[in-house]
Amino acid sequence: MRLYKTKLQEKLEESLAAVTPVVGIVLLLCFSIAPVAPGILLEFLVGAFFLIFGMMFFTLGAELSMTPMGERVGSSMTRTRKLWVMVILGFSLGFVITISEPDLQVLANQVPSVPNQVLIMAVAGGVALFLVIALLRMLFGVALTPILIVCYLMVFFLTVFVPEDFLAVAFDSGGVTTGPMTVPFIMALGVGICSVRNDEHAANDSFGLVALCSVGPILAVLILGILFQPDSGSYTAAQQTEIANSVLLRQMFTSSIPHYMMEIAISLLPILAFFGAFQILFLRIEKKALLKIGIGLVYTYVGLVLFLTGANVGFMPAGSFLGQTIAALPEKWLIVPIGMLIGYFIVKAEPAVYVLMKQVEELTDGAISGSALQLSLSVGVAVSIGLAMTRVLTGMSVMCYLIPGYGVAIVLSFFVPKIFTAIAFDSGGVASGPMTATFLLPFALGACQAVGGNLVRDAFGVVAMVAMTPLVTIQVLGLVYQLQSRFGRVAEQKSSQALGLNQYDDFDIIEL
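In this report, we go over the structure that sits alongside the text.

Rules of the game
Residues numbered from 1 in each chain as written. Predicted model: local features only at pLDDT ≥ 70, side-chain atom pairs only at ≥ 80, totals over all residues. Heavy atoms only, no water. Patch = residues over 30% accessible without salt bridge, like charges linked within 9 Å, V, L, I, M, F, W, Y side chains within 5 Å. Areas by Shrake-Rupley, 256 points an atom, 1.4 Å probe, with all protein chains shown as cover. Salt bridge = Lys/Arg side-chain N within 4 Å of Asp/Glu carboxyl O. Helix = DSSP H or I, 4+ residues; strand = E, 2+ residues; numbered from the N terminus. Buried < 20%, exposed > 50% of the residue type's maximum accessible area, 1.4 Å probe, protein only. Core = buried A, V, L, I, M, F, W, Y, C linked by side-chain atoms within 4.5 Å. Contact = heavy atoms within 4.5 Å. Axes fitted to C-alpha atoms, helices over the stretch in contact; angles between N-to-C directions. Parallel < 35°, antiparallel > 145°, perpendicular 65-115°, else oblique. Left-handed = near helix turned anticlockwise from the far one by under 90°. 1 Å grid on protein atoms, 1.4 Å probe; cavity = no way out; pocket = protein on both sides within 12 Å on 5 of 7 lines; lining within 4 Å. Points joined across faces, edges and corners; volume = space filled by probe spheres on them. Nonpolar A, V, L, I, M, F, W, Y, C, P; charged D, E, K, R; others polar. Expected span 1.5 Å × (residues − 1). Arc of directions from axis to C-beta. Phe/Tyr/Trp six-rings, centres within 6.5 Å; stacked < 30°, edge-to-face > 60°.

Comments concerning a nonpolar patch on the surface
Line of reasoning, step 1. Judged by side-chain polarity, Leu83, Val87, Phe140 and Val142 come together as a nonpolar surface patch covering roughly 340 Å² of accessible area.
Line of reasoning, step 2. Within the element layout of this structure, phenylalanine 140 appears in helix 5 (residues 116-140).
Line of reasoning, step 3. With a relative accessible area of 56%, phenylalanine 140 lands in the exposed category.

Structural data, given as structure tokens:
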């Protein structure tokens with residue numbers, strides 16, 4: 001019990017460090033250039049309180065439960081040595097998990113021209129198919145870059161046949177279907193599969209699952225756009241509720257908790273069912289380890305309920321109101337640097353980012369530091385929000401950014417160590433989590449309303465932008481590491497020669 005208390009204290013400090021800068025920036029704006037109603041400010045502050053404790057419980061819970069569950073299921077699937085079993089299990093797992101993802105329901109409501117169940121089934125099928133492709137790639141050690149090139153060539157080819165108003169929603173779907181609960185499990189699944197291979201490239205190939213699973217929804221929604229030929233997407237801005245007193249403020253949050261308790265329970269059920277089946281048929285984990293996983297699941301559940309309640313009830317109205325207020329200023333261009341500043345810090349509050357950082361550090365034995373990875377993510381998200389706000393002000397098409405952005409990312413993949421490419425493309429799905437959907441997207445929508453733009457065409461696409469820019473920044477980090485390694489190796493070689501040493505260890509820690 002003392003160990004859990006120590007861990008909780010450590011996670012609380014991480015949560016405070018992640019959420020406090022965002023709160024400080026919002027408060028500074030509220031008391032200077034963007035005055036907001038007292039009720040909305042109080043909602044935001046209470047939401048921040050929920051976020052801090054939600055992140056604390058979730059990050060510890062994922063570490064204790066989701067990661068070991070995914071790794072054990074992945075290694076067990078591989079040890080069956082039956083390809084058809086892996087294909088069926090992988091497809092079923094991807095399909096069922098995606099259907100239960102809460103953000104998919106939000107996406108379905110944004111596309112009224114396509115029946116909700118049709119879109120949900122198509123997206124789930126896309127994720128399931130690409131999860132199978134990703135599993136097979138890991139099993140046979142196929143390079144990730146050629147697969148990504150083929151996939152994104154297909155994606156951009158299909159965009160020619162899809163209405164422009166539909167494009168942003170389609171690309172956003174790649175981010176919303178990889179949520180904070182499924183990402184840790186899927187990433188750990190890849191680690192478990194590659195752990196059985198025991199070859200020198202296993203660590204490289206353990207990443208890339210999230211990257212490919214993010215392509216499936218985009219292709220599925222684009223194909224639906226061709227089949228149904230929707231005139232446009234639609235979006236109705238959420239009504240902002242003005243609270244009259246503190247009791248109503250408390251009721252706003254407490255009345256929402258049961259909804260998210262049910263939502264998260266439904267989302268957790270498929271993962272528990274799969275793990276339970278594997279435990280009975282293959283794993284037979286000892287009781288002590290099962291108890292630890294059970295405690296972790298409780299932490300995960302409580303953390304996600306608190307986090308989503310705080311984000312949706314507290315952060316969403318504040319994001320919309322701030323965006324609308326700043327964009328209505330005479331100096332509306334301020335929305336760009338302010339958006340970049342918020343984006344830089346808000347990615348640190350994404351729950352799955354900490355799971356990615358920890359896994360990267362463990363698999364590379366610290367060769368790639370979590371702090372460097374987080375800095376690259378923050379810079380990437382800051383750039384993406386700056387570009388998104390520019391779109392809001394100018395009305396430029398999202399494709400003007402996505403095509404060159406993905407082009408640069410693909411070109412970089414030929415010059416950086418393979419592991420950085422895999423981590424970069426995984427990080428896109430990880431960074432575009434619930435904080436993007438509940439604060440940055442409303443921020444863009446509010447700004448778009450203020451300038452009189454087209455909400456679907458100009459404001460949507462924020463999630464897609466957030467998922468794109470880390471692909472570039474993290475691969476740039478890979479170039480830096482590669483150059484540092486080469487210079488260090490040359491310096492060591494010269495030093496060895498000067499000392500009269502004949503032996504030289506040319507092992508490159510980046511080529512893991």
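Comments concerning the pattern of salt bridges
Line of reasoning, step 1. Considering all chains together, one arrives at four salt bridges under this definition.
Line of reasoning, step 2. Linking lysine 11 and glutamate 63 is a salt bridge whose minimum nitrogen-to-oxygen distance equals 3.0 Å. Of this pair, lysine 11 sits in helix 1 (residues 2-30) while glutamate 63 sits in helix 2 (residues 38-79), and the two are 52 residues apart along the sequence.
Line of reasoning, step 3. In this structure, glutamate 362 and lysine 358 form a salt bridge, with 3.2 Å as the shortest nitrogen-oxygen distance. A residue pair is termed a helical-turn pair when its members lie 3 or 4 positions apart in one helix, as glutamate 362 and lysine 358 do in helix 14 (residues 351-363) at four residues.

Some points on the nonpolar core
Line of reasoning, step 1. With 159 residues, the main nonpolar core has Leu322, Ile342, Leu402 and Phe439 as its most contacted residues.
Line of reasoning, step 2. By size, the runner-up hydrophobic cluster in this structure holds seven residues, among which are Tyr4, Phe57, Leu60 and Leu64.

Structural notes on the environment of leucine 441
Line of reasoning, step 1. Inspection of the secondary structure assignment puts leucine 441 in helix 18 (residues 434-451).
Line of reasoning, step 2. Judged by its relative accessible area of 9%, leucine 441 is buried.
Line of reasoning, step 3. In sequence terms leucine 441 and methionine 316 are 125 residues apart; their C-alpha atoms lie 8.6 Å from each other.
Line of reasoning, step 4. In this structure, leucine 441 is in contact with Thr436, Ala459, Phe460 and Val462, ignoring residues within four places of it in sequence.

A short note on the packing of helix 12 (residues 287-327) against helix 18
Line of reasoning, step 1. Close contact between helix 12 and helix 18 brings their axes to 7 Å; oriented N to C, the two are set at 25°. Overall, the two elements helix 12 and helix 18 adopt an arrangement that is roughly parallel. Handedness of the helix 12/helix 18 crossing: right-handed.

Section: the layout of surface pockets
Line of reasoning, step 1. In this structure, the second largest pocket occupies an estimated 340 Å³ of space.
Line of reasoning, step 2. When residues of the lining of the second largest pocket are traced back to their parent elements, those giving at least two are helix 1, helix 2, helix 14 and helix 15 (370-394).
Line of reasoning, step 3. A class-by-class count of the residues in the lining of the second largest pocket yields five nonpolar, five polar and nine charged.

So, empty space enclosed by the protein
A probe as big as a water molecule, rolled over the atoms, marks out the empty space that is left.
Line of reasoning, step 1. Inspection of every chain in the model, using the stated rule, returns four cavities of 30 Å³ or more.
Line of reasoning, step 2. Of the pockets and cavities examined, the largest cavity occupies roughly 120 Å³.
Line of reasoning, step 3. Around the largest cavity sit 16 residues that line it, and Tyr152, Ser214, Ile218, Tyr406 and Ala467 are the ones nearest its centre.
Line of reasoning, step 4. Sorting the residues of the lining of the largest cavity by element identifies helix 7 (164-176), helix 10 (209-228), helix 17 (418-431) and helix 20 (462-498) as the ones contributing at least two each.
Line of reasoning, step 5. Every residue along the wall of the second largest cavity is listed here: Ile97, Thr98, Val127, Thr177, Thr178, Thr182, Ile186 and Cys213.

What to know about helix 14
Two residues of an α-helix separated by three or four positions point the same way, owing to the 3.6 residues in each turn.
Line of reasoning, step 1. Residues of helix 14 that are buried: Pro351, Ala352, Val353, Tyr354, Val355, Leu356, Met357, Gln359 and Val360.
Line of reasoning, step 2. In the stretch just after helix 14, aspartate 365 is the one whose phi turns positive, near 55°.

Examining helix 3 (residues 83-99)
Line of reasoning, step 1. Its 17 residues give helix 3 an end-to-end C-alpha distance of 24 Å, which sits within 8% of 24 Å, the value for a rise of 1.5 Å per residue.
Line of reasoning, step 2. Buried within helix 3 we find Val85, Met86, Leu89, Gly90, Leu93, Gly94, Ile97 and Thr98. All buried residues of helix 3 lie within an arc of 165° about the axis, which places them on one face of the element.

Observations concerning the packing of aromatic side chains
Line of reasoning, step 1. Enumeration over the complete set of coordinates arrives at 18 aromatic pairs.
Line of reasoning, step 2. Ring centres of phenylalanine 49 and phenylalanine 50 lie 6.5 Å apart, and the angle between their planes is 75°; this geometry places the pair in the edge-to-face category.
Line of reasoning, step 3. An angle of 70° between the planes, with centres 5.2 Å apart, marks the rings of phenylalanine 157 and phenylalanine 161 as edge-to-face.
Line of reasoning, step 4. Members of the aromatic cluster, joined through ring pairs, are Tyr152, Phe156, Phe171, Tyr406 and Phe425.

A word on the packing of helix 13 (residues 335-346) against helix 18
Line of reasoning, step 1. Axis separation between helix 13 and helix 18 bottoms out at 12 Å; the angle between their running directions is 175°. In this view, helix 13 runs roughly antiparallel relative to helix 18, as classed from their interaxial angle. Of helix 18, the residues touching helix 13 (which contributes Ile335, Ile338, Gly339, Ile342 and Ile346) are Met435, Phe439, Leu440, Phe443 and Ala447.
Line of reasoning, step 2. Residues that form the contact of helix 13 with helix 18 fall into these classes: nine nonpolar, one polar and no charged.

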